[in-house]
Amino acid sequence: MSRLYHPILYDRSLPVRSYWESLATRQSDELDYPPFSQSQTCEVAIIGAGITGLTAALHLARDFGTNAYILEAGRPGWGASGRNGGFCCVGAANLSNQQLIKRFGRAETARYYQEQRQAVDWVRQLATDEAIEIDAQGDGTLVVAHRSSRLAELEGEQEFLTAIAHYPCQLWSQAALADHGFRSPEVYGALHIGVGFGLNPLRYCQGLARAAVQRGATLCARSPVAAWEKDGDWHLLHTSGGTLRAKRVVIATNGYTADGVPSDVGDRLLPVISNIVTTRPLTPTELEAQGWQTETPIYDTRHLLFYYRLLQDNRLLFGSRGGTWGSEQEGDRYRRWMVRRLGEMFPAWQAVEITHCWNGLACVSADRTFHVGQLAADPTVYYGLAYHGSGVATGTWSGRAIAHLVTGKEQVADWSAVARQPLPRFLLPGLRKGYLRLGYAVGEVKDRMV
Ligand SMILES: Cc1cc2nc3c(=O)[nH]c(=O)nc-3n(C[C@H](O)[C@H](O)[C@H](O)COP(=O)(O)OP(=O)(O)OC[C@H]3O[C@@H](n4cnc5c(N)ncnc54)[C@H](O)[C@@H]3O)c2cc1C
């Protein structure tokens, strides 16, 4: 697959400039995994050391003693996994509940929601089992209505999540939400979903990398796979340091899928830019002035949603969709827009300095659900991809699922119908950026409607 965006989004030599990176400098030793240097043979080769690849490697090595190699073009967590908003939440399909039921039926939709809950629980479980300090924060997830007319939608969501998903959830009026520590002139009430929390995503990735290696996996940083060919039953992954021969390959490259991965997979993916800014730490007086105390992660009911959370040192993390090219000029334009919107949504913080601003690539698919499984054309190739901006929990679930699939402990048929769909093609993949622009234009119009 050719790269859809500006080269700076793929340049591993540039600093990521995320707030998470600024906390991680003192742990840089942990980040140093030597590049792949000699030709080797292994059971399973994993391309990409994000949450999906690292979790797959950890389970393969720890639970099954499988000889797994991870080849990563940058460092562990360099992709979206180490720079995201840290929302460990449900929602790896960009479909309404009615659409899910229409497509998959009630029972399979309910199963999918149980898997999503499992995914959130497994992040906590892995962090505990492997002693990873993830800086967990908040209790559940808040979905806030950005217009009063959206409260009815949240009511429907509450009924669905209670009756079908069996999630604990409560609808809060604007006043009740203020009592729970959140106020904004653009918010009219909220649904509190009792599943989810916030974390430091880079710490999670670094911990997964350390644990995977301690459990016996081999992790090679700065080792981009430049080409991939088959020699009989063997896959040959070529890097500048040598060739890795593997019986099976896991594609865990998500929004960064480009060179080295068969274009037949890449053309089924649409990477999308997401942007984040963080403020300096807010003082108790500033928090009081805005009426914000909660550490629970929050997103709104917009089609082009904003997501935000208060971090451990009282900074605001504020995220939104990015542009459609990713150049520095476009990034500056988005930064200015986000700072303006932040001030409108949280007027007491209009003048608060922004300390960090960064972006990255998430990924969506043509059928608007996430995908995990095996290639029909070659069942020795596995993948976990297209989490629709929700890969912290679902990437963890997929990594575990891939490890169980590779070792024959689970079959695709063991998962919900949502999880086991084959990865579909985009109609005319060359038009994917056009679809994205159209989707953004429609989303903007819908979000302006009362
Ligand atoms: C700004 C932003 C905010 C987000 N916020 C959230 C959030 O709050 N919560 C949430 O759940 N999700 C969020 N997401 C989405 C989430 O981060 C992703 O879904 C998830 O991290 C995907 O994980 P992954 O391991 O599959 O892929 P990635 O983490 O993207 O990792 C892919 C890796 O593959 C490597 N790679 C690519 N090609 C090659 C090659 N040829 N050879 C070797 N290595 C290669 C890349 O260098 C990269 O490190 C966000 C995404 C972005 C960009």
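The rules behind each value
- Residues numbered from 1 in each chain as written.
- Predicted model: local features only at pLDDT ≥ 70, side-chain atom pairs only at ≥ 80, totals over all residues.
- Heavy atoms only, no water.
- Helix = DSSP H or I, 4+ residues; strand = E, 2+ residues; numbered from the N terminus.
- Rg over C-alpha atoms; globule rule 2.2 N^0.38 Å.
- Buried < 20%, exposed > 50% of the residue type's maximum accessible area, 1.4 Å probe, protein only.
- Contact = heavy atoms within 4.5 Å.
- Areas by Shrake-Rupley, 256 points an atom, 1.4 Å probe, with all protein chains shown as cover.
- Lys, Arg positive; Asp, Glu negative; His and termini not counted.
- Charge placed at Lys NZ, Arg CZ, Asp CG, Glu CD.
- Phe/Tyr/Trp six-rings, centres within 6.5 Å; stacked < 30°, edge-to-face > 60°.
- pLDDT = per-residue confidence, 0-100.
- Pairing = 2+ DSSP bridges.
- Axes fitted to C-alpha atoms, helices over the stretch in contact; angles between N-to-C directions.
- Polar contact = N/O pair within 3.5 Å; in protein donor to acceptor, adjacent residues only side chain to side chain.
- Near = heavy atom within 4 Å.
- Nonpolar A, V, L, I, M, F, W, Y, C, P; charged D, E, K, R; others polar.
- Expected span 1.5 Å × (residues − 1).
- Arc of directions from axis to C-beta.

Visitor: I tried to follow the overall build of the chain on my own but got confused; where do I start?
Guide: Secondary structure assignment for the chain yields 13 helices and 18 strands. Against the compact-globule benchmark of 22 Å for 450 residues, the chain has a radius of gyration of 21 Å, which places it among compact chains. Structurally, the chain occupies a C-alpha span of about 65 × 50 × 45 Å along its principal axes. Burial status across the chain gives 58% buried among its 450 residues. The long-range share in the chain, meaning contacts at least 24 apart out of those at least 6 apart in sequence, stands at 78%. On the chain, roughly 17900 Å² of surface is accessible, and the fraction owed to carbon and sulfur atoms is 51%. With 45 positive and 44 negative side-chain charges, the chain shows a separation of 4 Å between the mean positions of the two kinds.

Visitor: For this particular structure, what's the right way to read the packing of aromatic side chains?
Guide: Any pair of aromatic rings gets described here by the distance separating the centres and the angle formed by the planes. By the definition in use, this model includes 25 aromatic pairs. Plain terms: the ring middles of Y112 and Y113 are 5.2 Å apart, the flat faces sit at 70° to each other, and that makes the pair edge-to-face. Judged by relative accessible area, which is 2%, Y112 ranks as buried. Of the residues examined, Y113 reaches a relative accessible area of 8% and is grouped as buried.

Visitor: Looking at this model, I keep getting lost on the confidence of the model for the chain. Mind explaining?
Guide: Predicted coordinates in areas of low pLDDT are best not read in detail. Chain-level statistics for the chain give a pLDDT mean of 95 and a share of 98% at 70 or above. Taken over the whole predicted complex, pTM reads 0.98, whereas the ipTM for its chain interfaces reads 1.00.

Visitor: Mind showing me how you'd approach the sheet that holds strand β4 (residues 141-144) here?
Guide: The strand order across the open sheet formed by 8 strands is β5-β6-β4-β13-β14-β15-β12-β16, and the pairing between neighbours is mixed. Each edge of the sheet is formed by a strand with only one pairing partner; in this case those strands are β5 (169-173) and β16 (354-365). Going across the sheet, the axis of each strand differs from the next one's by a mean of 20°, ignoring polarity. Alignment of β4 against strand β6 (residues 189-193), held across 4 bridges, turns out to be antiparallel. Across the sheet, V144 pairs through a bridge with A190, a residue of β6. This element, helix α11 (residues 328-345), spans β12 (269-279), β13 (298-300), β14 (307-310), β15 (316-321) and β16 of the sheet and lies at about 120° to β15. Across the sheet, helix α13 (residues 432-448) is in contact with β12 and β15; its angle to β12 comes to roughly 50°.

Visitor: Just checking my understanding: could you explain the side chain of R432 for this structure?
Guide: Of note, R432 is situated in helix α13. Side-chain polar atoms of R432 contact the backbone oxygen of L269, separated by 2.6 Å.

Visitor: What should I look at first to understand the site of the ligand in this one?
Guide: In the neighbourhood of the ligand, 36 residues make up the surrounding shell, with R12, T52, E72, S81 and F87 lying closest. Coverage of the ligand by the protein amounts to 98% of the 1000 Å² it exposes when considered alone. For the shell around the ligand, the secondary-structure elements that each account for two or more residues are α3 (51-64), β12, β16 and α12 (391-406). Among the elements that take part in the shell around the ligand, β16 stands out by supplying 3 residues, more than any other. The residue makeup of the shell around the ligand, split by class, is 17 nonpolar, 16 polar and 3 charged.

Visitor: Sorry, what's going on with the pairing of strand β9 (residues 227-231) here?
Guide: Here is the key point about a regular strand: its side chains alternate between the two faces of the sheet. Relative to strand β10 (residues 234-239), β9 runs antiparallel, the two being bridged by 5 bridges. What sits directly across from K230, in β10, is H235. Taking the residues between adjacent antiparallel strands as the criterion, β9 and β10 are bridged by 2 residues, where G232 takes a positive phi near 65°.

Visitor: Can you help me understand unusual backbone geometry in this one?
Guide: Backbone phi values are negative for most residues with the exception of glycine, while trans is the configuration of most peptide bonds. In the Ramachandran plot, H166 falls in the positive-phi region, its phi being about 55° despite a non-glycine side chain. Position of H166 relative to the elements: it lies in the loop between α6 (151-165) and β5. Residue class for H166 comes out exposed when judged on its relative accessible area of 53%. Its identity as a non-glycine residue notwithstanding, H388 has a phi of 55°, on the positive side. Looking at where H388 falls in the secondary structure, it is placed in the loop between β18 (381-385) and α12.

Visitor: Even after reading the chapter, I still don't get α13, so can you show me in this structure?
Guide: Helical periodicity: at 3.6 residues per turn, an α-helix aligns residues three or four positions apart in one direction. With 17 residues, α13 should cover 24 Å at 1.5 Å per step; its first-to-last C-alpha distance of 25 Å lies within 8% of that length. If you check which residues of α13 are buried, you get R432, K433, L436, Y440, G443 and D447. Summarising the axial view, the buried residues of α13 lie within an arc of 100°, below the 170-degree limit, and thus occupy one face. Seen from the open side of α13, the exposed residues pointing more than 90 degrees away from its buried face are L438 and R448. Close packing links the buried residues of α13 with α9 (263-266), β12 and β15.

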